[in-house]
Amino acid sequence: MDGQLLLALLLLLLGASGLRGQGPGGPEEEPPEEEEVPEEDGILVLNQRNLGLALRAHRTLLVQFYAPWCGHCKALAPEYNKAAALLAAESAEARLAKVDGPAEAELTKEFAVTEYPTLKFFRDGNRTHPEEYTGPKEADGMAEWLRRRVGPSAMRLADTEGAQALIDSRDVVVIGFFRDLQDEDVATFLALAQDALDMTFGLTDQPKLFEKFGVPKDTVVLFKKFDEGRADFPVDEELGLDQGDLSRFLLTHSMHLVTEFNSQTSPKIFSARILNHLLLFVNQTLAEHLELLEGFGEAAPPFRGQVLFVVVDVGASNAHVLQYFGLKAEEAPALRLINMETTKKYAPAGGGPLTAAAVATFCHAVLSGQVKPYLLSQDVPPDWDRRPVKTLVGKNFEQVAFDETKNVFVKFYAPWCTHCKAMAAAWEALAEKYKDHEDIVIAELDATANELEAFPVHGFPTLKYFPAGPGRKVIEYKSTRDVETFSKFLDNGGELPAEEPMAPFPPSRFRNIGGRWLHTALCPDLERDLPAADGLCRQQRQRAARLPREGRRPHGPRPACSSCLC
């Protein structure tokens, strides 16, 4: 009996184990495997479904939101691919990814993408607070930007040999000497090092390195293989290390005292945050011009941080720089100074030799306000007033624009500006319309070749109206650029008449079309007998009928037609 009972219990236990894992409908299904994120040229291709998976799989992820039709995106693509290859070759932790913005509207909305390309950096799966990418758009720069976020942005230096090896490895090396590496100043230093990609950074707390390099207190030292060789930035013991001040210091001292202008150096020249630029125009194929460079360099040290000394070779591809200063190549050697904030330009008086003393004297005179700026102007054309659109230049602008007997409407343009070209026909038509009005002048001025003392022109086209009468009044026009609106503006004395309020639509003429209230006046073709789920106007119905059947989406998003707002 005991044996039978034991056998029964054994069978019961085996039956229970066989049923384990079965639900009411039979054996449970295996959980679905997670979708693999597809790749193109080493770039992860993301969408709404797989973004979360990619963030979980990769601790650091740089994501580009692009549009297939975007020219800037197409230009970035080969550099983006190359950056991915560089990181893959070194088995870097960071990965690159991309999102087709127009096709993934939910993601562009989630991450507030308003333009293409937009790049965002995700760290540790954090989906809510990605960092905006502000680095360079070329492969090496993108890869270095990521390296400095994934790894340390500055190398920890423990001994003299390591420090000297780092200094010898690059033209510009920045080392932070800090007694306490847990200090807030160190965090400031490392944060700056993340984005200063054209410099190499190190840091140390070793007393023997303080002694070796003659550093008595917490200091950031810039070592360079040119000019002075070294520049020190002591940390303020009371205020600490200011990132903005340190950034300006490093940018100023990492540049050569004299920089040659070219496509490689121009970004750094314009970002130097030194307002005054002194330009020496020379032809570097001529020995007598090259001799001037020594004196030019001798004058530079006292003005470091105040004036940026720049050499422009007129024999290279710098015609646009010559044009901006109103110079011709045959006028070299020539000296010009420009204030980048006011865009005022200065030229030395007379034609004496360009010695170190002459250069220094000119700089002091400009900085102390003793030199008046000069203004570019073309010569007045003989037929400037014979066409309906009058031609103004710097030399005749004041006389015409501020004529108290005339209402003068002026277009300030650039010859290369596409918007200016687009409105040219309307401007000509406006001048033709008002050519017989004695008190109205329609004119234009090439603002790239003519400068005005009255005001600077920064954007193109800029339209300004100078009404008749005393007071030199100026009104900027900012409305639609067509003949009808221009005419209303002129006929109303330099302002647009207030629009008459539209009469309200009778409520009975509104229809709910696909969840949107539309008035039948906005789309006369709305069919009253359409079911609410369709809500298409006749023009959209006809368009849908021409689409391949698999391409129709009668109840989904549909393109707006030309005659309504649906």
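Let me begin by describing the structure that accompanies this report. What you see as residue numbers is a count from 1 along each chain, following the sequence as written. Note on the predicted model: pLDDT of at least 70 is required for a residue's local features to be given, and 80 or more for side-chain atom pairs to be given and counted; whole-chain, interface and lining totals, by contrast, use all residues. Just so you know, side-chain values use all the structure's heavy atoms and leave hydrogens and water out.

### Here we look at the nonpolar core
Alright, step 1. Put simply, buried Ala, Val, Leu, Ile, Met, Phe, Trp, Tyr and Cys residues joined by side-chain atoms within 4.5 Å make one nonpolar core. Each residue is placed in one exposure class: buried if its accessible area under a 1.4 Å probe, protein chains only, is under 20% of its type's maximum, exposed if it is over 50%, and partly exposed if it falls in between. One finds Phe189, Phe201 and Leu250 to be the most contacted residues of the largest nonpolar core, which totals 23 residues.
Alright, step 2. Elements are defined by DSSP. Helices are runs of H or I of four residues or more, strands are runs of E of two residues or more, and each kind is numbered from the N terminus. Counting residues per element, the ones that place at least two in this core are strand E10 (172-177), helix H7 (184-195), strand E11 (200-204), strand E12 (219-224), strand E13 (230-234) and helix H9 (243-253).
Alright, step 3. Of all the elements, H7 adds the most residues to this core, at four residues.
Alright, step 4. Excluding residues within four positions of it along the chain, Phe189 makes contact with Ala154, Val174, Ile175, Gly176, Phe178, Phe201, Gly202, Leu203, Val220, Leu241 and Leu246.
Alright, step 5. Within the second largest apolar cluster, 22 residues are counted, among which are Leu278, Leu280, Val311 and Cys363. Any two residues whose heavy atoms approach within 4.5 Å at even a single point are treated as in contact.

### Considerations on the sheet that holds E12
Alright, step 1. Spatially, E9-E11-E10-E12-E13 is the arrangement adopted by the five strands of the open sheet, whose pairing is mixed. Each edge of the sheet is formed by a strand with only one pairing partner; in this case those strands are strand E9 (155-156) and E13.
Alright, step 2. Whether two strands pair depends on DSSP finding at least two bridges between them. Both E9 and E11 contribute to a ladder of two bridges, which runs parallel. Across the sheet, residue Met155 finds its bridge partner in E11, namely Gly202.

### Focus on the packing of helix H3 (residues 71-89) against helix H5 (residues 139-150)
When two helices pack together, their arrangement is given by the angle between the helix axes and the distance between those axes.
Alright, step 1. Axes, fitted as lines to C-alpha atoms, cover a helix only where it is in contact. Angles between the N-to-C directions of the axes lie from 0 to 180 degrees. The interhelical angle for the contact between H3 and H5, taken along N-to-C directions, is 50°, at an axis separation of 8 Å. Relative to H5, the element H3 is oriented oblique. With respect to the hand of their crossing, H3 and H5 are arranged in right-handed fashion. Two secondary-structure elements touch here, H3 through Leu76, Glu79, Tyr80, Lys82, Ala83, Leu86 and Leu87 and H5 through Ala139, Asp140, Met142, Ala143, Leu146 and Arg147.
Alright, step 2. Classification convention: Asp, Glu, Lys, Arg as charged; Ala, Val, Leu, Ile, Met, Phe, Trp, Tyr, Cys, Pro as nonpolar; all other residues, Gly among them, as polar. Here the contact of H3 with H5 is composed, by residue class, of nine nonpolar, no polar and four charged. Roughly parallel here means an angle under 35 degrees, roughly antiparallel means over 145, roughly perpendicular means 65 to 115, and every remaining angle is called oblique. Handedness of a crossing is defined here by the sense of rotation of the near helix relative to the far one, left-handed for an anticlockwise turn of less than a right angle and right-handed for a clockwise turn.

### Focus on the pairing of strand E4 (residues 43-46)
Alright, step 1. Relative to E4, strand E3 (residues 39-40) runs antiparallel, the two sharing two bridges. When the bridges of E4 are listed, Glu39 appears paired with Leu44.
Alright, step 2. Between the end of E3 and the start of E4, which pair antiparallel, lie two residues, with Asp41 showing a positive phi angle near 55°.
Alright, step 3. Looking at chain direction, E4 and strand E6 (residues 95-100) are connected through three bridges and run parallel. The residue of E6 that forms the bridge with Leu44 is Ala97.

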